[in-house]
Amino acid sequence: MNVPAPLTPENTVIIAIDFQERLFPVMNAKEKLLQNVVKLIKGAKALEVPVIVPEQYPKGLGPTIPEIKELLPGMKPVEKVCFSCCDNDAFNQALAALNRKQVLIAGIEAHICVYQTAAALARQGYEVQVVTDCVSSREPENKAVAIQKMGALGILPSSTEMVLFEMLKVAQGDKFKQISSIVK
């Protein structure tokens, strides 16, 4: 059995896919989704984990929602029209420049852009985990099928608290206090 290495802040990147103004409002369980994504990004900042923010056709679907944008001042979204982020040169360059092999994926929609990106990254040799409480689709059935299909490809499911505490490793110090206050 091939057990992946534990997540580390130095080797991890978060990809927050398509949390956009015209797409987000139609997601299933969007209030809980937003709470978890905000926790994930705040935790990433506390642990100094970079976040890449792709946007699907922003002319039509709008920019990244303000709740995420305000957490990432100076963030320049990666515009795309392809479903898989990996079919976009600017995304590939941004990811390669970070030189990290562990990828945590949050985003919408689970069965389209999230699934296709996760599958492509796994094929490229990245250790990919989908943060299941930070992904959604319009219909819950589509999310469930996407999680199942990603699992069949070896893409591990995880959760916001699970990844943050896995990267943290110890229950002491300033970062522990920061993460604890974020997840409360």
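Since the structure is predicted, the reported quantities are computational estimates derived from the model, not experimental observations.

### Some words on the sheet that holds strand β1 (residues 12–17)
Strand pairing in a sheet relies on backbone hydrogen bonds, with the paired strands running either antiparallel or parallel.
Move 1: Taking strand neighbours across the sheet as the criterion, the five strands line up as β2-β1-β5-β6-β7 in an open arrangement whose pairing is parallel. Two strands bound the open sheet, and with one partner strand each, they are β2 (51–52) and β7 (156–158).

### Points about unusual backbone geometry
Move 1: Between I108 and the following residue, E109, the backbone shows a cis peptide bond with an omega angle of -10 degrees.
Move 2: Topologically, E109 is positioned in the loop between β5 (102–108) and α5 (110–123).
Move 3: Positive phi, normally seen in glycine, also occurs at K169, with a value near 75 degrees.
Move 4: Mapped onto the elements, K169 comes out in the loop between α7 (160–168) and α8 (173–183).

### Section: the pattern of salt bridges
Move 1: Per the counting criterion, the structure on display carries three salt bridges.
Move 2: A salt bridge links D18 to K80, with the nearest nitrogen and oxygen atoms 3.2 Å apart. Placement of D18 in the loop between β1 and α1 (30–47) and of K80 in strand β4 (residues 78–80) is noted, with a sequence separation of 62 residues between them.
Move 3: Judged by its relative accessible area of 1%, D18 falls in the buried class.

### Observations concerning the pairing of β5
Move 1: A large share of β5 lies buried, amounting to seven of its seven residues.
Move 2: Side chains Q102, L104, A106 and I108 of β5 all project onto a buried face; the interleaved residues V103, I105 and G107 project onto the opposite face, where all are buried too.
Move 3: With six bridges connecting them, β5 and strand β6 (residues 127–136) associate as parallel partners. Bridge assignment links V103 to a residue of β6, and that residue is V128.
Move 4: The handedness of the β5 to β6 crossover, carried by α5, is right-handed.

### Considerations on the nonpolar core
Move 1: F19, L40, L72, L164 and I179 are the most contacted members of the largest nonpolar core, which has 36 residues in total.
Move 2: Listing elements by their share of this core, those giving two or more residues are β1, α1, β5, β6, α7 and α8.
Move 3: With nine residues, the top contributor of residues to this core is α1.
Move 4: Contacts of L40, omitting those with residues within four sequence positions, involve I14, A106, V131, C134, T160, V163 and L164.
Move 5: Among the nonpolar cores identified, the runner-up in size contains 27 residues, and V103, A110, Y126 and V135 belong to it.

### Comments concerning α5
Move 1: What α5 keeps buried is the set A110, C113, V114, Y115, T117, A118, A119, A120 and L121.
Move 2: Backbone geometry just after α5 places G125 at a positive phi near 95 degrees.

### Describing the side chain of Q20
Move 1: If you trace the backbone, Q20 turns up in the loop between β1 and α1.
Move 2: Residues in contact with Q20, not counting those within four places in the same chain, are P25, E55, Q56, Y57, P58, L61, G62, P63, T64, I65 and I108.

### A word on α7
Move 1: All of the buried residues along α7 are T160, V163, L164, M167 and L168. Projection of α7 onto a plane perpendicular to its axis shows the buried side chains occupying an angular sector of 135 degrees, all on one side.
Move 2: Positive phi shows up at K169, right after α7, with a value of about 75 degrees.

### A few points about the pairing of β6
Move 1: Within β6, seven of the 10 residues are buried, which leaves the element mostly enclosed by the surrounding structure.
Move 2: When β6 meets β7, the two strands line up parallel, connected through three bridges. Paired with Q129 across the two strands is L156, which belongs to β7.
Move 3: Taken together, β6, helix α6 (residues 140–152) and β7 constitute a β-α-β crossover, and its handedness is right-handed.

Cut-offs applied
- Residues numbered from 1 in each chain as written.
- Predicted model: local features only at pLDDT ≥ 70, side-chain atom pairs only at ≥ 80, totals over all residues.
- Heavy atoms only, no water.
- Pairing = 2+ DSSP bridges.
- Helix = DSSP H or I, 4+ residues; strand = E, 2+ residues; numbered from the N terminus.
- Salt bridge = Lys/Arg side-chain N within 4 Å of Asp/Glu carboxyl O.
- Buried < 20%, exposed > 50% of the residue type's maximum accessible area, 1.4 Å probe, protein only.
- Right-handed = clockwise from strand over helix to strand, strands pointing away.
- Core = buried A, V, L, I, M, F, W, Y, C linked by side-chain atoms within 4.5 Å.
- Contact = heavy atoms within 4.5 Å.
- Arc of directions from axis to C-beta.

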